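Close look at the chain arrangement
Listed below are the residues making up each chain.
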Amino acid sequence: MSGKTEAKLVYMANQIARNLKFEPHPAAALADHLRAFWTTAMLRQLFAHLAVHGDGELDPVARTALAELAAGHAPPPQTRATDPAHQGADAG
Amino acid sequence: MGYERQADFGTPEVRSDTQVTLEIDGRAVTVPAGTTVMRAAAVAGGSIPKLCATDNLKQFGSCRLCLVEIDGMRGTPASCTTPVTEGMKVHTQTEKLARLRRGVMELYISDHPLDCLTCSANNDCELQDQAAAVGLRDVRYGYEGAHHLAAPTDASNPYFDFDATKCIVCSRCVRACDEVQGTLALTVEGRGFGSQISAGVKSDDFLSSECVSCGACVQACPTSALMEKAVTEIGKPERAVVTTCAYCGVGCTFRAEMRGEQLVRMVPWKDGKANRGHSCVKGRFAWGYAQHQDRILKPMVRESIDQPWRAVSWEEALGFAASRFKAIAATHGNNALGGIVSSRCTNEEGFLVQKLVRAGFGTNNVDTCARVCHSPTGYGLKTTFGTSAGTQDFDSVEESDVILVIGANPTDGHPVFGSRMKKRLRQGAKLIVIDPRRTDLVRSPHVEADYHLPLRPGTNVAVLSALAHVIVTEGLVNEAFVRERCDWDEFQHWAEFVSQERNSPEFLEPVTGVRADLVRGAARLYATGGNGAIYYGLGVTEHSQGSSTVMAIANLAMATGNIGRRGVGVNPLRGQNNVQGACDMGSFPHELSGYRHVSDAATRALFEAEWGVKIDPEPGLRIPNMLDAATDGLFKGLYIQGEDILQSDPDTKHVAAGLAAMDCVIVHDLFLNETANYAHVFLPGSSFLEKDGTFTNAERRIQPVRKVMEPLNGYQDWEVTQELARALGLDWNYTHPSQIMDEIARLTPSFAGVNYARLDAEGSLQWPVNDAAPDGSPIMHVDGFVRGKGKFVVTDYVPTDERTGPRFPLLLTTGRILSQYNVGAQTRRTENSVWHAEDLLEIHPTDAENRGIKSGDWVRLASRSGETTLRATVTDRVAPGVVYTTFHHPATQANVVTTDYSDWATNCPEYKVTAVQITPSNGPSEWQEDYAAQARQARRIAGSAMEPAE
């Protein structure tokens, strides 16, 4: 993985965190979003970044969300956009 | 079907709850009140002679050929302007009428060339038909007096001629331009015998006039005065096939009129439910690319991209591709492979590509070009309403009282719907336009926006927050609707947020650049003006807050109760013909068809049982992530069907680097596009004229695409994908796309009731089509939101990180124009380039003067990502500080300038905001020269003297 890609993933996580600031539980919403839309490999890159750089460049909300995901805690879906249980028969 | 003209009832259909019964020539007929006698006669199976009447135009009453006699009524009224009444007794064939009609017809023919046998309209001419119908045998008037038989022909338009000698001045063309297209380019100049049809002012010809070449006038003309050049050159069509246009997301239905295997013309089909018989210059005329000499018809391969292409057999090409992909999977794993589904191909073809990726490649690394256009629509509307699609059909606009257009330019991007919208505006609907540019909708003949909010690019969310602030703080919320239909707690949270002073129009004015009083006026109008409908386009989605903007729009619609009935709604205007369908078909890396997440075990189990393979429960890579992974050496093989990511995706240099880093890029396309410069395998594609399938338009309308000629490359695209799958060891045996649709229906609840037999019988179906909605769903969320309660989402304005500064002080925004389409691969290979031969940079006079730039000057357009050169046009359509260009021409490559900033939720690129500097230039940039040299090198074909042009 290049430093450029890592920096981009950090940027993306921070950007999502900024936009979920007004969710009732921003860190849980971010964790949910990353789990729903990011590949495992992308998440692993951020876990590695977090392990090496600690609390450096990541937004506190992003740090919390990644820590939850790294610990294997799958958060309950925070938004219906990422909740398969609510994407039933006519959800097309 | 064979060739016959579409039925013409003479005057438009009338809707009424009251039925009227009358008698025509002794036969009883019942029609809605308000129907004309002419239409009633046609409904009854009869035919009254006519020339100036046609059923997509209001009755005019000028030709005097449709006279009838009515018991109890004096004289011989014109049937086209006489409404039916209960018990009326009409006579359409009497000796008196025959004499009158012959007299009228004799006058017409006395000033008309008698060259029927050599006329391009011979046997397809209403004048000829009517002369026969009235029994005209002799013309008593000679040609010695004044006549129009020496009038010149205007051949300036590349697609049709105006032969004034054949014109009978019936005004159908003028009325079509006024009523159907809404451009009002044509007029009748002069009076009496001197009357003649004129495009604009006298000095104009059709090409130099304001005519937009929609073809409505040609379609309306009852003679050969306005005639397609192709008919003159090829001859009268012999058969017609109804099919769906492959340009924008309006999804117009056309009759492809053929002579043998040759397409003669595309004529809009009056029964088409999206276009209602109208067309634009692209769908009507710009189909020549399908037979263009640049098409590559034989497969090609090469070991590496620095080598020339080698034409090979299909077997060799597919074997080469399969062995490379197998080798990549063996060495780097399945997740080193991926595919891109085209939004231009059919639903069935898209479904097969994502199936190939998931079942064949063994990964969810599949994406579609919706990533770079409407992915935020999917996210935003799914989150708020529960459905990743627009809420209305196009007919709905006829009942709108207030139309709010944000980030869309429908008269250019979706012209047929733009015309329907303008028709409603001419009837009195109010208009709000939120756009940095003064688009044509803001002010054009008979249309003027009540409010134009010329916001600074990148501030959509701030403007929408300000609108919401006014609606909430001034007590304009439809509380009954919100309490019944939406989550009340979430609404209160949102209402408290937007009510904060920092979201007021006054506070945000310095941010958005929009006067607070305009915002307040627009908010009041939208909230209180009756049925409010929002239409939006890529000016909403292609931002770092694209998804937030979509949700902010949904919030406004819910707060005002403008959801769930005709005339209202949230309506994304989809860019490409099948963007909606590609998304529906499971082309995103995180979901299967019908927008069901891959992590859902029950959904996966359905597909696993049908396909006999395990499906990865983890989401795959999006296009930009694929390219990042490629530059990191982790992603090695990509199958791209019908998309030119090198030209259409942002930050061209990064795209090129990603493609160049792969071991095998398969491009499946009509042409050697820009992406093919980095490809190892080229699989020839088939045009929409050469395949069967379906497209789904912006209304969720699934429409048949029908093969009108054999594929020039030998195979339809779904067959090519199937052969690639078989080369990779998959046992696929589809023999017709209807079988693929049956599989889609089995696996996708919203398509459960869709099949080809129904589509043939009903013309189209709007999903969801299932037990809950057996006839489809023209309007969504009628009795409740699909997700249950509508969800208000707080959308805080977060400024883009793309900022202007001393080095890059201007903001670039991009878009498309009427005559060209996206990367131009199709339209550049047609005569449409007459109107737009190159991309131009629009710059405000103040910014131009500060830089010493005049219209026509070459300028250097530079950003942090790269630079290019193009010519400038100085105009106050753009505000000071904002510049604008299109991305239709690879020589310009506007996307070398755009950045890799993207929407926070979906990674849809931020095409609409790039900080740039403009300076005078005297020629192409170094990058452009290098790119041109690389492209020349990459397009070489071994053994071919010719280099195919892109």
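Because the structure is a prediction, the values reported are computed rather than measured. (Residues numbered from 1 in each chain as written. Chains lettered and ligands numbered in written order. Predicted model: local features only at pLDDT ≥ 70, side-chain atom pairs only at ≥ 80, totals over all residues. Heavy atoms only, no water.)

Right, let's get into the overall build of chain B. A count of helices and strands for chain B gives 29 helices and 37 strands. Whereas a compact globule of 950 residues would reach a radius of gyration of roughly 30 Å, chain B reaches 29 Å, a difference of no more than 12%. Reported as C-alpha extents along the three principal axes, the dimensions of chain B are approximately 90 × 75 × 65 Å. A burial count over chain B gives 65% of its 950 residues as buried. Put simply, 72% of the contacts in chain B that link residues at least 6 apart link residues at least 24 apart. (Helix = DSSP H or I, 4+ residues; strand = E, 2+ residues; numbered from the N terminus. Rg over C-alpha atoms; globule rule 2.2 N^0.38 Å. Buried < 20%, exposed > 50% of the residue type's maximum accessible area, 1.4 Å probe, protein only. Contact = heavy atoms within 4.5 Å.)

A separate point is the overall build of chain A. Across its full length, chain A holds four helices and zero strands. For chain A, the succession of helices and strands along the chain, N to C, is α-α-α-α. Here chain A, with 92 residues, has 48% of them falling under the buried criterion.

Our next topic: the packing of aromatic side chains. All names here are of chain B. Per the counting criterion, the structure on display carries 27 aromatic pairs over all chains. Residues W309 and F682 carry aromatic rings whose centres are separated by 6.5 Å and whose planes lie at 75 degrees to one another, so their mutual orientation is edge-to-face. With W309 in the loop between β13 (300–301) and β14 (310–311) and F682 in strand β28 (residues 681–684), this pair connects stretches of sequence that are 373 residues apart. Looking at W309, the relative accessible area reads 0%, which means it is buried. Here the aromatic cluster, defined as three or more aromatic residues joined through ring pairs, consists of Y159, F160, F162, F206, F285 and W835. Directly above the ring of Y884 sits R437, whose terminal nitrogen or CZ lies 3.8 Å from the centroid. Over the aromatic face of W488 sits the side chain of R483, whose NZ or CZ is 3.9 Å from the ring centroid. (Phe/Tyr/Trp six-rings, centres within 6.5 Å; stacked < 30°, edge-to-face > 60°. Lys NZ or Arg CZ within 6 Å of the ring centre and 35° of its normal.)

Another point: the side chain of R622 of chain B. Here R622 of chain B lies in the loop between α21 (601–611) and α22 (623–631). Within the buried set, R622 of chain B has no salt-bridge partner at all; the shortest N-O distance to an opposite charge, 5.9 Å, is to D367 of chain B. (Lys, Arg positive; Asp, Glu negative; His and termini not counted. Salt bridge = Lys/Arg side-chain N within 4 Å of Asp/Glu carboxyl O.)

Because each turn of an α-helix spans 3.6 residues, side chains separated by three or four positions end up pointing in the same direction. All names here are of chain B. Where helix α16 (residues 505–512) is concerned, the buried positions are P505, L508 and T512. Each buried residue of α16 lies within a common arc of 70 degrees when the element is viewed along its axis, so the set occupies one face. Positive phi appears at G513, one or two residues downstream of α16, with a value of about 80 degrees. (Arc of directions from axis to C-beta.)

Time to look at the interface of chain A and chain B. For interface size, the figure often reported is the accessible area lost on association. The partner chain B presents 47 residues to the 31 residues of chain A that form the contact. Surface buried jointly by chain A and chain B totals about 3,500 Å² across both partners, of which 52% is contributed by carbon and sulfur atoms. Notably, a salt bridge pairs D628 of chain B with K8 of chain A, separated by 2.9 Å at the nearest N-O pair. Summed over the shared surface of chain A and chain B, the number is ten residue pairs in polar contact (both at pLDDT 80 or more). Of all the elements in the fold, those that place two or more residues in the side of chain A that touches chain B are α1 (3–19), α2 (26–37) and α3 (40–53) of chain A. At nine residues, the largest contribution of residues to the side of chain A that touches chain B is made by α1 of chain A. Partitioning the side of chain A that touches chain B into residue classes produces 14 nonpolar, nine polar and eight charged. (Buried area = accessible area lost by both parts, 1.4 Å probe. Polar contact = N/O pair within 3.5 Å; in protein donor to acceptor, adjacent residues only side chain to side chain. Nonpolar A, V, L, I, M, F, W, Y, C, P; charged D, E, K, R; others polar.)

Those places that UniProt annotates as "domain: 4Fe-4S His(Cys)3-ligated-type" (unreviewed entry) correspond, in this numbering, to residues 96–135 of chain B. Within residues 96–135 of chain B, the helical portion is 55% and the strand portion 0%, while the C-alpha atoms at the span's ends are 13 Å from each other. (UniProt positions renumbered as here; feature names shortened; annotations may be inferred.)

So, about the sheet that holds strand β33 (residues 840–843) of chain B. Either a parallel or an antiparallel arrangement is found when strands of a sheet pair, and the pairing is made through backbone hydrogen bonds. Taking strand neighbours around the barrel as the criterion, the six strands line up as β32-β36-β33-β35-β34-β37 (chain B) in a closed arrangement whose pairing is mixed. Adjacent strand axes in the sheet meet at a mean angle of 45 degrees, parallel and antiparallel pairs treated alike. (Pairing = 2+ DSSP bridges. Axes fitted to C-alpha atoms, helices over the stretch in contact; angles between N-to-C directions.)

Attention shifts here to the UniProt feature "domain: 4Fe-4S Mo/W bis-MGD-type" (unreviewed entry) in chain B. In the numbering used here, UniProt assigns the feature "domain: 4Fe-4S Mo/W bis-MGD-type" (unreviewed entry) to residues 238–294 of chain B. What you have in residues 238–294 of chain B is 9% helix and 35% strand, and the ends, taken at the C-alpha atoms, are 28 Å apart.

Moving on: the pairing of strand β15 (residues 337–341) of chain B. Residues and elements named next belong to chain B. Most of β15 is tucked away: five of the five residues are buried. Where burial is concerned, the two faces of β15 agree: the one with L337, G339 and V341 and the one with G338 and I340 are both buried. Bridge count between β15 and strand β16 (residues 366–368): three bridges; the pairing is parallel. Counterpart to G339 in the pairing with β16 is V366. Note that the unit made of β15, helix α9 (residues 347–361) and β16 has a crossover that is right-handed. (Right-handed = clockwise from strand over helix to strand, strands pointing away.)

Before going further, it helps to examine the nonpolar core. Core analysis: the biggest nonpolar cluster contains 73 residues, and W38 of chain A together with L638, L659 and I918 of chain B have the highest contact counts within it. A domain split of this core shows at least three residues from each of domain 2 (300–373 + 579–734 + 743–754) and domain 4 (810–937) of chain B. Counting residues in each nonpolar core, the second largest holds 69 residues, with A256, F285, V397 and L670 of chain B among its members. (Core = buried A, V, L, I, M, F, W, Y, C linked by side-chain atoms within 4.5 Å. Domains from an automatic or database assignment.)

Our focus in this paragraph is the environment of T244 of chain B. Residues and elements named next belong to chain B. Considering the arrangement of structural elements, one finds T244 in strand β10 (residues 239–244). Excluding its chain neighbours within four sequence positions, the residues that come into contact with T244 are G251, C252, F688, F695, Q703, P704 and V705. A polar side-chain atom of T244 sits 2.6 Å from the main-chain carbonyl oxygen of P704.

The next point concerns the confidence of the model for chain B. Averaged over every residue, the pLDDT of chain B is 94; the share at 70 or more is 99%. Both confidence scores are given for the complex: pTM 0.94, ipTM 0.90. (pLDDT = per-residue confidence, 0-100.)

Once that is clear, we can look at the domain arrangement of chain B. Residue and element names in this part refer to chain B. With domains assigned, chain B is organised as domain 1 (1–93), domain 2 (300–373 + 579–734 + 743–754), domain 3 (399–426 + 434–572) and domain 4 (810–937). For the pair domain 2 and domain 4, the two sides together bury roughly 2,200 Å², of which 47% comes from carbon and sulfur. By the criterion of area lost to domain 4, the three top residues of domain 2 are R344, Q647 and K653, representing 28% of everything that side buries. Put simply, domain 2 and domain 4 have zero salt bridges between them. At the surface where domain 2 touches domain 4, the tally comes to 14 residue pairs in polar contact (both at pLDDT 80 or more). Contributions of two or more residues to the side of domain 2 that touches domain 4 are made by α22, α23 (645–648) and α24 (652–660). The biggest single contributor to the side of domain 2 that touches domain 4 is α23, with three residues.

Turning next to the environment of E179 of chain B. Residue and element names in this part refer to chain B. Relative to the helices and strands, E179 resides in helix α4 (residues 172–181). For E179, a relative accessible area of 16% puts it in the buried group. Spatially, the C-alpha atoms of E179 and R426 are 9.4 Å apart, while their sequence positions differ by 247 residues. The residues touching E179, leaving out its near neighbours within four places in the chain, are N56, L57, K58, K423 and R426.

Moving on: the sheet that holds strand β6 (residues 160–163) of chain B. All names here are of chain B. With respect to topology, three strands assemble into an open sheet ordered β5-β6-β9, the strand pairing being antiparallel. Two strands bound the open sheet, and with one partner strand each, they are β5 (153–154) and β9 (226–228). The sheet contact formed by β5 and β6 spans two bridges and is antiparallel. Across the sheet, T153 pairs through a bridge with D163, a residue of β6.

The next thing to look at is the confidence of the model for chain A. Residues and elements named next belong to chain A. Averaged over every residue, the pLDDT of chain A is 81; the share at 70 or more is 75%. Mean pLDDT across the elements of chain A ranges from a minimum in α3, with 88, to a maximum in α2, with 94. Confidence over residues 87–92 falls short of pLDDT 50; this stretch has 25 contacts with residues more than four positions distant or in other chains.

Below, the discussion takes up the pattern of salt bridges. Pairing between side chains of opposite charge can happen when the charged atoms of each approach one another. All names here are of chain B. This model, assessed by the stated rule, comprises 62 salt bridges over all chains. The closest approach of N and O atoms between K912 and E542, which form a salt bridge, is 3.8 Å. In this pair, K912 is assigned in the loop between β36 (882–886) and β37 (914–920) and E542 in the loop between α18 (538–541) and α19 (546–559), connecting sequence segments 370 residues apart. Exposure class is identical for K912 and E542. Each is buried. Note that R803 is salt-bridged to D801, the shortest N-O span being 3.8 Å.

This part is about unusual backbone geometry. Residues and elements named next belong to chain B. Here the bond from W767 into P768 is cis, since omega is 0 degrees, no more than 30 degrees from zero. With respect to the helices, strands and loops of the structure, P768 is situated in the loop between β31 (765–766) and β32 (810–815). The phi torsion at H781 lies on the positive side, around 60 degrees, for a residue other than glycine. By secondary structure assignment, the location of H781 is in the loop between β31 and β32. At N907, a residue that is not glycine, the phi angle is positive and equals roughly 65 degrees. Tracing the backbone shows N907 in the loop between β36 and β37.

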